[in-house]
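Observations on the model geometry
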Amino acid sequence: MPDGSGGPRQVFRILHVSTGNVCRSPITERLTRHALSDRLGERAVGVVVESAGTWGHEGAPMEAHAAQLLSEYGADARGFTGRELLDEHVIDADLVLTATRDHRAQVISMGHSAGLRTFTLKEFTRLVRAIDMATLPSAASSDELVERARALARAAAALRGWLLAPNPEADEVQDPYGAPLPYFRSIAEEIHTALDPVVTALTGVPPRGVLAGRALL
């Protein structure tokens, strides 16, 4: 994508990974996109957000409950199709955020120097909360946003091993596939809560309006 000077525009690619790519990772992908757009407007083009599944249902639609919950948060579920996680997805990603530790291990096992840029979502949130935001670059333009995102990912990687989870389950988002809507809703809330400090750290912009809390149902 051009940057106005004839060269390609920089982007920072976030890849969300779950198992089937029809529940958790689509919710996380679309909530991230929605939050970025809400806070940054056109500058959000600096961050590309995608998802895939370690046992992805290639070409499958998003699970109906997942789509409904996205609409409750004001996010767009349209046009989604599931993807099987491929080497190229990992190679292209600047940051990989997984639902569970097992997904993280599977991504890292693919190689491509993925270890330093792959975290579970909740692990990354925990590390981000410990970073002094004043040490990060500003995000006044889309290119500066990319530099800030890269600095954030590096800072989080440097903290890993120092800030441990209270228990292994604390870094995981459980699979709601096949569960009733109330359980899906609790998982969506978990994801939303984990994403909020991440998006704030990426953008330097606090949440506003509906993103400051639970969407009204």
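Residues numbered from 1 in each chain as written. Predicted model: local features only at pLDDT ≥ 70, side-chain atom pairs only at ≥ 80, totals over all residues. Heavy atoms only, no water.

**A short note on helix 6 (residues 142-159)**
End to end, helix 6 covers 26 Å across 18 residues, agreeing with the expected 26 Å (1.5 Å per residue, within 8%). Looking at helix 6, one finds that the buried residues are S142, L145, V146, R148, A149, A151, L152, A153, A156 and A157. At its buried positions, helix 6 is contacted by strand 1 (12-18), helix 1 (24-40), strand 2 (47-53), strand 4 (118-120), helix 5 (121-129) and helix 7 (181-203). G161 sits one or two residues past helix 6 and shows a positive phi near 95 degrees. (Helix = DSSP H or I, 4+ residues; strand = E, 2+ residues; numbered from the N terminus. Expected span 1.5 Å × (residues − 1). Buried < 20%, exposed > 50% of the residue type's maximum accessible area, 1.4 Å probe, protein only. Contact = heavy atoms within 4.5 Å.)

**Description of the environment of V205**
With respect to the helices and strands, V205 occurs in the segment after helix 7. For the pair V205 and A139, spaced 66 residues apart in sequence, the C-alpha to C-alpha distance is 9.1 Å. Ignoring anything within four residues of it in the chain, the contact list for V205 reads R39, L40 and T200.

**What about the sheet that holds strand 1?**
With parallel pairing, the four strands of this open sheet are ordered in space as 2-1-3-4. At either margin of the open sheet sits one strand with a lone partner, and together these are strand 2 and strand 4. Neighbour-to-neighbour, the strand axes of this sheet turn through a mean angle of 25 degrees, independent of strand direction. Relative to strand 4, strand 3 (residues 95-98) runs parallel, the two sharing three bridges. The residue bridging L97 from the neighbouring strand is F119, located in strand 4. Against the sheet, helix 1 contacts strand 1 and strand 2, and its axis sits at roughly 170 degrees relative to strand 2. (Pairing = 2+ DSSP bridges. Axes fitted to C-alpha atoms, helices over the stretch in contact; angles between N-to-C directions.)

**Details of helix 7**
In this model, helix 7 (23 residues) spans 31 Å end to end at C-alpha, consistent with the 33 Å of a helix rising 1.5 Å per residue. Most pronounced at L195, the bend in helix 7 amounts to some 30 degrees, and the proline P197 follows within four residues. G204 lies just past helix 7 and shows a positive phi near 75 degrees. (Bend = angle between axes of the 7 residues up to and from the residue.)

**Quick look at the nonpolar core**
Looking at soluble globular proteins, one finds that nonpolar side chains tend to be buried together. Counting 51 residues, the largest nonpolar core has L31, F119, F124, L152 and I191 as its most contacted members. The set of elements that each furnish at least two residues to this core consists of strand 1, helix 1, strand 2, helix 2 (64-72), strand 3, helix 5, helix 6 and helix 7. A per-element tally of this core places helix 7 first, with 11 residues. Apart from residues lying up to four places away in sequence, F119 is in contact with L95, V96, L97, T98, R104, F124, L127, A153, A156, A157 and R160. (Core = buried A, V, L, I, M, F, W, Y, C linked by side-chain atoms within 4.5 Å.)

**Topic: the pairing of strand 2**
By the criterion of burial, strand 2 is predominantly enclosed, with five of the seven residues buried. Where strand 1 meets strand 2, seven bridges bridge the pair, whose relative direction is parallel. Counted as the bridge partner of F12 is V47 from strand 2. In this region the chain leaves strand 1, passes through helix 1 and returns to the parallel neighbour strand 2; the handedness of that crossover is right-handed. (Right-handed = clockwise from strand over helix to strand, strands pointing away.)

**Comments concerning the side chain of E123**
Among the secondary structure elements, E123 is positioned in helix 5. Here E123 is in contact with R104, R160 and D171, once residues within four sequence places are set aside.

**Observations regarding the packing of helix 1 against helix 7**
As a packed pair, helix 1 and helix 7 sit with axes 9 Å apart at the nearest point and diverge in direction by 40 degrees. On the basis of their axis angle, the class for helix 1 and helix 7 is oblique. The way helix 1 lies across helix 7 gives a crossing that is right-handed. From helix 1, R24, I27, T28, L31, T32, A35, L36, R39 and L40 reach across to helix 7, where they touch I187, A188, I191, H192, L195, D196, V199, T200 and T203. Of the residues contributing to the contact of helix 1 with helix 7, the split by class is 10 nonpolar, five polar and three charged. (Parallel < 35°, antiparallel > 145°, perpendicular 65-115°, else oblique. Left-handed = near helix turned anticlockwise from the far one by under 90°. Nonpolar A, V, L, I, M, F, W, Y, C, P; charged D, E, K, R; others polar.)

**Here's the deal with the confidence of the model for the chain**
When pLDDT is averaged along the chain, the result is 91; 92% of the residues meet or exceed 70. For residues 1-8, every residue scores under 50 in pLDDT, and the model assigns this stretch eight contacts once sequence neighbours within four places are set aside. (pLDDT = per-residue confidence, 0-100.)

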